[in-house]
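Here are the chains, one letter per residue:
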Amino acid sequence: MVAVTASREDEEAKKMEAGGDTVGQKLDAGALFVLQSKGSWLHCGYHLTSSIVAPPLLSLPFAFAALGWSAGIICLVIGAAVTFYSYNLISRVLEHHAQQGRRQLRFRDMATDILGPGWGRYCIGPIQFLVCFGAVVASTLLAGQSMKAIYLIANPGGTIKLYVFVVIFGVFMLMLAQLPSFHSLRHVNLISLMLCLAYSFSAVAACIYLGTSDRAPPKDYSITGDTSNRVFGVFNAIAVIATTYGNGIIPEIQATVAAPVTGKMFKGLCLCYAVVVTTFFSVAISGYWAFGNQAQGILLSNFMVGGKAIIPEWLLVITELFTLLQLSAVAVVYLQPTNEVLEGFFSDTKEGQYAARNVVPRLVSRTVAVAFATTIAAMVPFFGDMNALIGAFGFMPLDFAVPAMFYNVTFKPSKKGIVFWLNTTIAVVFSALAVIASVAAVRQIALDANTYKVFANV
């Protein structure tokens, strides 16, 4: 049976390389050129780590400030357990269809094949695109803020505006964006894995240093605000944690794995979640321990008061630098669904991937996409509020609710068994949380609306 399965997957891989069928249709240039199936489980682990273990994890102490110790740790554990379980559900569904000769390469392919064409075209596809492009914009903005922080440490009182640094990072992104396929990012994402460990450990060291020094801020772990603010704060914090664990491109990552794919995604997830547990819990706990309810939206902001570093400057600089460098990898990873769509629209599968007919449109289309994301990041430095809405509306359904639905529809587990009801509970609970968190995010946008200013120097 194993030999038959492997043979089918090998045949499917050969068909894909030749532009053969998947989900009943001819592969377009996006699938052939961007989602090349050449990687190992290690490469899969690198891609997963870059897409999950990213600088938004530095917001976890802020989430703890709205939840407190017990609820914060419980939510962090639940987030890790449910997403690891959900990503494995998606992987098993993908492996099941690959064994049947219908290897699905994209989230919208899964939705089309499992739930129907309307789901892929009008629901899952647009939500995934919005989430991923929002992550590109957010990464570009965060990178600009890190560059500005390094600049101010080196030149206190400097007058260069935030949007200038955002544009500088955007130019760097233009070069990285030209890497032709997802698989070609494997070495970039290996470096990204090391960088996320580096800035996480640096941030933890800074928290321990500050928390035990004479300059330690007063430690207050009470939850502030009136009842309504506390309630909405809880749901905002849940959205922050869900977004931090969010991925949204599991099928595209598994598509980069060479056949046979069975078991490779699970190994990649184990590697990724070893890094997740190490970084998420250490940063969340040390950051909240050091700053309590004064933890800011990004932990690095707590290390500067009045424009001056309150930890050793060298430690803050290298932490910001590691963060900045990893953001370039995160941004280019989340740009891949956009690249895949553009490649499918503008490229010709009859020509080679590196033929002038395909290289020129690729260069132009990716340049336009990066320029557009950079412009939004420069114009809207308060994008964090909007990204919370995107996370609640996008990451929570895609990463928590949808995988359980896909599994139940595909494998039809017995309604008398625990798997069916566990998946149903996850889908219902996190769908409800997505709606509530979206309302909380909209409320926060309304509260902050008076402070919004285009090209603000925040």
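Rules used throughout
Residues numbered from 1 in each chain as written. Predicted model: local features only at pLDDT ≥ 70, side-chain atom pairs only at ≥ 80, totals over all residues. Heavy atoms only, no water. Patch = residues over 30% accessible without salt bridge, like charges linked within 9 Å, V, L, I, M, F, W, Y side chains within 5 Å. Areas by Shrake-Rupley, 256 points an atom, 1.4 Å probe, with all protein chains shown as cover. Salt bridge = Lys/Arg side-chain N within 4 Å of Asp/Glu carboxyl O. Buried < 20%, exposed > 50% of the residue type's maximum accessible area, 1.4 Å probe, protein only. Helix = DSSP H or I, 4+ residues; strand = E, 2+ residues; numbered from the N terminus. Polar contact = N/O pair within 3.5 Å; in protein donor to acceptor, adjacent residues only side chain to side chain. Core = buried A, V, L, I, M, F, W, Y, C linked by side-chain atoms within 4.5 Å. Contact = heavy atoms within 4.5 Å. Expected span 1.5 Å × (residues − 1). Phe/Tyr/Trp six-rings, centres within 6.5 Å; stacked < 30°, edge-to-face > 60°. Axes fitted to C-alpha atoms, helices over the stretch in contact; angles between N-to-C directions. Parallel < 35°, antiparallel > 145°, perpendicular 65-115°, else oblique. Left-handed = near helix turned anticlockwise from the far one by under 90°. Nonpolar A, V, L, I, M, F, W, Y, C, P; charged D, E, K, R; others polar.

1. Some thoughts on a nonpolar patch on the surface
Taken together, the side chains of Ile160, Tyr163, Val164 and Ile168 make up a nonpolar region of the molecular surface, amounting to roughly 290 Å² of accessible area. The class of Tyr163 is partly exposed, set by a relative accessible area of 34%.

2. Describing the side chain of Gln254
Summarising the element assignment, Gln254 is placed in helix α10 (residues 250–255). Under the relative-accessibility criterion, Gln254 is labelled buried at 4%. Within polar-contact distance, the side chain of Gln254 engages the side chain of Ser91 at 3.0 Å.

3. Focus on the pattern of salt bridges
Pairs can form between side chains of opposite charge once their charged atoms are near each other. Counted under the stated rule, the structure contains 7 salt bridges. Across the pair Asp113 and Arg102 runs a salt bridge whose closest N-O atoms are separated by 3.2 Å. Note that Asp113 is positioned in helix α5 (residues 107–114) and Arg102 in the loop between α4 (60–99) and α5, a separation of 11 residues in sequence. The exposure class of Arg102 is partly exposed, given its relative accessible area of 28%. For the salt bridge of Glu340 with Arg106, the shortest nitrogen-to-oxygen distance reads 2.5 Å. Note that Glu340 is positioned in helix α13 (residues 336–346) and Arg106 in the loop between α4 and α5, a separation of 234 residues in sequence. Assigned by exposure class, Glu340 and Arg106 land together as buried. When salt bridges with common partners are traced through the structure, they connect Asp28, Arg106, Arg108, Asp109 and Glu340 into a single cluster.

4. Some points on the nonpolar core
The biggest cluster of nonpolar side chains holds 116 residues, and the ones touching the most others in it are Tyr245, Tyr273, Phe280 and Phe303. If near-sequence neighbours (up to four positions away) are discounted, Phe280 is found in contact with Ile52, Val53, Leu57, Leu60, Leu76, Thr244 and Tyr245. The next biggest cluster of nonpolar side chains, apart from the first, holds 14 residues, and it includes Phe235, Phe400, Phe430 and Leu433.

5. Comments concerning helix α11 (residues 264–291)
Between the first and last C-alpha of α11 there are 40 Å, a value that for 28 residues agrees with the 40 Å anticipated at 1.5 Å per step. Remark: Gly292 follows α11 within two positions and exhibits a positive phi of approximately 55°.

6. Focus: the environment of Arg366
Of note, Arg366 is situated in helix α14 (residues 356–379). On the basis of relative accessibility, which here comes to 1%, the residue Arg366 falls in the buried class. Here the alpha-carbon distance between Arg366 and Tyr288, two residues 78 residues apart in the chain, equals 40 Å. For Arg366, the side chain forms a polar contact with the main-chain oxygen of Ala177, separated by 2.9 Å.

7. Quick word on the packing of aromatic side chains
Here the structure, examined in full by the defined rule, presents 18 aromatic pairs. Seen in terms of ring centroids, Tyr151 and Phe165 are 5.3 Å apart; in terms of plane orientation they differ by 45°. Their pairing is tilted. Of this pair, Tyr151 sits in helix α6 (residues 117–154) while Phe165 sits in helix α7 (residues 162–176), and the two are 14 residues apart along the sequence. An identical accessibility class is assigned to Tyr151 and Phe165; each is buried. Clustering of aromatic rings is evident, with ring pairs tying together Phe64, Trp69, Tyr221 and Tyr288.

8. Some remarks on the packing of α6 against helix α12 (residues 313–334)
Two elements in contact, α6 and α12, have axes separated by 9 Å at closest approach and are oriented at 160°. Accordingly, the angle class assigned to the pair α6 and α12 is roughly antiparallel. Here the hand of the crossing between α6 and α12 comes out left-handed. For the pair α6 and α12, contact is made by Cys132, Ala135, Val136, Ser139, Leu142, Ala143, Ser146, Met147, Ala149, Ile150 and Ile153 and by Glu313, Leu316, Val317, Glu320, Leu321, Thr323, Leu324, Leu327, Val330, Ala331 and Tyr334, respectively.

9. Concerning the side chain of Asn302
Inspection of the secondary structure puts Asn302 in the loop between α11 and β3 (304–305). For Asn302, a relative accessible area of 5% puts it in the buried group. Among all residues touching Asn302, those that are not within four sequence positions of it are Phe291, Gln294, Ala295, Gln296 and Ile310.

10. Considering the environment of Ala216
Among the structural elements, Ala216 can be located in the loop between α8 (186–211) and α9 (227–245). By relative accessible area, Ala216 is classed as partly exposed at 24%. Separated by 48 residues in sequence, Ala216 and Lys264 have C-alpha atoms that sit 46 Å apart. Filtering out sequence-adjacent residues up to four positions away, Ala216 remains in contact with Leu210 and Gly211.

11. Things to note about the packing of α4 against α9
Axis separation between α4 and α9 bottoms out at 8 Å; the angle between their running directions is 40°. Comparing their axes, α9 and α4 come out oblique. Read as a crossing pair, α4 and α9 show a hand that is right-handed. Residues Leu60, Ala63, Ala66, Leu67, Cys75, Leu76, Gly79, Ala80, Thr83 and Tyr87 of α4 form the contact with α9, whose own contacting residues are Gly233, Val234, Ala237, Ile238, Val240, Ile241, Thr244 and Tyr245. Taken together, the residues that form the contact of α4 with α9 break down as 14 nonpolar, 4 polar and no charged.

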